[in-house]
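For reference, the chains in residue letters:
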Protein chains: 2
Amino acid sequence: MGLGFIGQEIARAALQSEELELIGAVDKSPSLAGKKLTDVLGIPAGTFKISSTLSQAVGRRQGVVLLHATGSKLPQVTDQVLEALSLGMHVVSTCEELSFPWFNYADLAEKIERAAQRAGTTVISTGINPGFVMDRLVATLGQVCGQVRHVKVTRVVDARTRREGLQRKVGAGLTEDEFFNLVDQEAVGHVGLVESTALCALGLGLDCDDFEEELTPVFAEEDISGGAFLVKKGRVAGMHQVAVGLAEGQEKVRLELTIAVGADDPGDVIEIDADPPVRLSIPGGLSGDRATANLVVNAAPRVTAAQPGLLTVLELPAAR
Amino acid sequence: MGLGFIGQEIARAALQSEELELIGAVDKSPSLAGKKLTDVLGIPAGTFKISSTLSQAVGRRQGVVLLHATGSKLPQVTDQVLEALSLGMHVVSTCEELSFPWFNYADLAEKIERAAQRAGTTVISTGINPGFVMDRLVATLGQVCGQVRHVKVTRVVDARTRREGLQRKVGAGLTEDEFFNLVDQEAVGHVGLVESTALCALGLGLDCDDFEEELTPVFAEEDISGGAFLVKKGRVAGMHQVAVGLAEGQEKVRLELTIAVGADDPGDVIEIDADPPVRLSIPGGLSGDRATANLVVNAAPRVTAAQPGLLTVLELPAAR
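Just so we're clear, the structure is a prediction, and the values are computed from it rather than from any experiment.

Conventions used here
Residues numbered from 1 in each chain as written. Chains lettered and ligands numbered in written order. Predicted model: local features only at pLDDT ≥ 70, side-chain atom pairs only at ≥ 80, totals over all residues. Heavy atoms only, no water. Contact = heavy atoms within 4.5 Å. Buried area = accessible area lost by both parts, 1.4 Å probe. Salt bridge = Lys/Arg side-chain N within 4 Å of Asp/Glu carboxyl O. Polar contact = N/O pair within 3.5 Å; in protein donor to acceptor, adjacent residues only side chain to side chain. Pairing = 2+ DSSP bridges. Helix = DSSP H or I, 4+ residues; strand = E, 2+ residues; numbered from the N terminus. Buried < 20%, exposed > 50% of the residue type's maximum accessible area, 1.4 Å probe, protein only. Phe/Tyr/Trp six-rings, centres within 6.5 Å; stacked < 30°, edge-to-face > 60°. Lys NZ or Arg CZ within 6 Å of the ring centre and 35° of its normal. Least-squares fit on C-alpha atoms with pLDDT ≥ 70 in both. Domains from an automatic or database assignment. Nonpolar A, V, L, I, M, F, W, Y, C, P; charged D, E, K, R; others polar. Expected span 1.5 Å × (residues − 1).

**Overview of the interface of chain B and chain A**
Here comes step 1: Chain B puts 41 residues into the contact, and the matching count from chain A is 41 residues.
Here comes step 2: Surface buried jointly by chain B and chain A totals about 3400 Å² across both partners, of which 53% is contributed by carbon and sulfur atoms.
Here comes step 3: The three residues of chain B that bury the most area against chain A are B:Gln143, B:Ala318 and B:Arg320, which together make up 22% of that side's buried surface.
Here comes step 4: Between B:Arg302 and A:Glu315 there is a salt bridge, with its nearest N and O atoms 2.9 Å apart.
Here comes step 5: Joining chain B to chain A, the criterion identifies 30 residue pairs in polar contact (both at pLDDT 80 or more).

Structure representation (structure tokens):
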């Protein structure tokens, strides 16, 4: 459900998976509903058309997992998740706020949890970030540690390697004023960093009682080409977002995310201050959109075997 | 159970964990049984003495997890595992061959599986290697990939940073003849590399039908000091062990483990050839003994909530 850029990547990944059978596609957008999925994806994808409603796409089938990629904000997608549960489906979503919904929307989380229990099915949200590189992978790595004193994760993405939509979403090309105006409108910025912080804390056994988040622009120090558009010197090249988790005023978790066109030294680094200390590096960084699609597809068989309810990626096992 | 070097590390880690309560210690060795655990560990560890039998240590308590570190070879420890199950206990073991026992001992695996089902408890083997850096972490990382074409993991350990027992176990100080004599007696070499290979294949969805393993000495190119003893130029400094998994004659999984005094560039590297490709590096490498102890202790609360039976680390969730 949801055949935007990520949804199409998910459909392609599902078609290539030996564990999944793609049985339908849903998008209520008039530009997509009614079209053949094959035509939209540009690869053979069966003969079915994109449905405008979930019940039409699924029919009376049992054991269906909804691969859901319609939005980042939980209030906007909750009804879709509840509808899927009422149809007896499992849900694997990319909705960033659903990755740890208790943080911002305890009421909606409770509603989804109850509906999933009633349906006897499982709901989870995953993706590369939130869902993997700044939380699930960190928690996995923390298994080798005793008590954790502090964890820091930095992710630097050169937005030129990503689609134009993402370059726009991090503010590339804007003036400083335009950037902060869009921040106020929540039109610029990465959704889910504070959810990753909460997941990190939980996964490492850290009792954070306070969370803070800050978003600042990164400016182009010279004209930057190579992206979807030229970013002039002095304009915003992207964003630097920091979320921290604190316990009794002391920082325990620090996640730093930089996404900017022309960002230096792209890559992911995890540093756990513990006994033993751990430092892990992924030069270049884990790829974004395709990795998200694979995480969704690889999670699907696992949720069908999981306990019913609203889970987090911290509950997923290591293996396919 | 088992208060050798690793067992003592596990006891220390258990004492520091907020999730576990250490209720007893078992070692039948006359040099340990009857002594106070506090005296053996050199830190406060309650008032109890090391028991010579499991039933004596556990009494009638329920919900006990046996932290088990008595040996690498499955036939040598199977009776201990079965006894724990007959007492209604869960088992988290460091026994390397128990990490994927179906590989070499399908009959013993079946016996343990049946006993665990009867007891309604869970058995798992973990540690840094096998159990984490060359299998569980690899499988976790593979969640971001589509179909995997090949995976290579290299782990290089400078044995000088490890205890003397490990330096001896990798052949440091031997002549080439002595090395291969001890290889024949299975007194030199790392146990569990082929089990890690099987876990890797399973965790990444690779159907390997053949596995091969090779062990060769690494020679000192000059006198090497800094270890527990001097290794003369020309003598064995350690070992290089390779295990591969193949599908229809084609290599799919390659694990390369080098443990030698003075080994260059210690560290762990995971390279997954897939879409997207993944390359992860842990400069210096994940520490061995303490990490193993923490992995055992962190797994203990999870097995009490797991399904009954004989599991692998691939089934463990990311979080504590």
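Following the structure, the description resumes.
**Digging into the sheet that holds strand 4 (residues 90–93) of chain A**
Residues and elements named next belong to chain A.
Here comes step 1: Here we have four strands laid out as an open sheet, ordered 3-4-5-12, and parallel in their pairing. What marks the edges here is a single partner per strand, and that holds for strand 3 (65–68) and strand 12 (309–310).
Here comes step 2: Summarising the sheet, strand 4 and strand 5 (residues 122–125) pair through three bridges and their orientation is parallel. Across the sheet, Val91 pairs through a bridge with Val123, a residue of strand 5.

**Here we look at the pairing of strand 6 (residues 148–158) of chain B**
All names here are of chain B.
Here comes step 1: Within strand 6, nine of the eleven residues are buried, which leaves the element mostly enclosed by the surrounding structure.
Here comes step 2: Bridge count for strand 6 against strand 9 (residues 250–260) is eight bridges, and the pairing is parallel. The residue bridging Val156 from the neighbouring strand is Thr258, located in strand 9.

**A few points about the packing of aromatic side chains**
Residue and element names in this part refer to chain A.
Here comes step 1: Per the stated rule, a full pass over the model turns up six aromatic pairs over all chains.
Here comes step 2: Ring centres of Phe100 and Trp102 lie 5.3 Å apart, and the angle between their planes is 65 degrees; on these two criteria the pair is classed as edge-to-face.
Here comes step 3: For the cation-ring pair, Arg168 lies above Phe229, with the distance from its terminal atom to the ring centre recorded as 3.9 Å.

**Thoughts on the relation of the copies chain B and chain A**
Here comes step 1: Structural alignment of chain B on chain A gives an RMSD of 0.0 Å, achieved by rotating through 180 degrees and translating 0.0 Å along the axis. Here the transformation between the copies is reduced to the relation of a two-fold axis. The C-alpha atom lying nearest the rotation axis in chain B is that of B:Pro317; the distance is 2.1 Å.
Here comes step 2: A share of 100% of the interface residues of chain B reappears at the interface of chain A, consistent with the copies meeting face to face through the same patch.

**Structural notes on the sheet that holds strand 12 (residues 309–310) of chain B**
Two orientations exist for strands paired in a sheet by backbone hydrogen bonds: parallel and antiparallel.
Here comes step 1: Strand order in the open sheet formed by four strands is 3-4-5-12 (chain B), and the pairing between neighbours is parallel. Each having just a single partner strand, strand 3 (65–68) and strand 12 of chain B make up the two edges of the open sheet.

**Observations regarding the domain arrangement of chain A**
Residue and element names in this part refer to chain A.
Here comes step 1: The domain architecture assigned to chain A consists of domain 1 (5–127 + 291–315) and domain 2 (136–286).
Here comes step 2: Using C-alpha coordinates to define each centre, domain 1 is positioned 26 Å away from domain 2.
Here comes step 3: Between domain 1 and domain 2, the residue contacts involve 14 residues of the former and 13 residues of the latter.
Here comes step 4: Of the roughly 1300 Å² buried where domain 1 meets domain 2, counting both sides, 74% is carbon and sulfur surface.
Here comes step 5: Residue Glu186 is joined to Lys73 by a salt bridge in which the shortest nitrogen-to-oxygen separation is 2.6 Å.
Here comes step 6: In this assembly, domain 1 and domain 2 are joined by two residue pairs in polar contact (both at pLDDT 80 or more).
Here comes step 7: For the side of domain 1 that touches domain 2, the residue count by class is seven nonpolar, four polar and three charged.

**Some points on helix 4 (residues 74–86) of chain B**
Residues and elements named next belong to chain B.
Here comes step 1: With 13 residues, helix 4 should cover 18 Å at 1.5 Å per step; its first-to-last C-alpha distance of 18 Å lies within 8% of that length.
Here comes step 2: Taken together, the buried positions of helix 4 are occupied by Leu74, Val77, Thr78, Gln80, Val81, Leu82, Ala84 and Leu85.
Here comes step 3: The secondary structure elements touched by the buried residues of helix 4 are helix 3 (54–58), strand 3, strand 4 (90–93), helix 5 (106–119) and strand 5 (122–125).
Here comes step 4: Within two residues after helix 4, Gly88 carries a phi angle of roughly 85 degrees, on the positive side.

**Things to note about the environment of B:Leu41**
Residue and element names in this part refer to chain B.
Here comes step 1: Secondary-structure assignment places Leu41 in helix 2 (residues 37–41).
Here comes step 2: With relative accessibility at 6%, the residue Leu41 sits in the buried group.
Here comes step 3: It is 8.6 Å that separates the C-alpha atoms of Leu41 and Glu9, two residues lying 32 residues apart in sequence.
Here comes step 4: Those residues in contact with Leu41 that lie beyond four places of it in its chain are Gln8, Ala11, Arg12 and Leu15.

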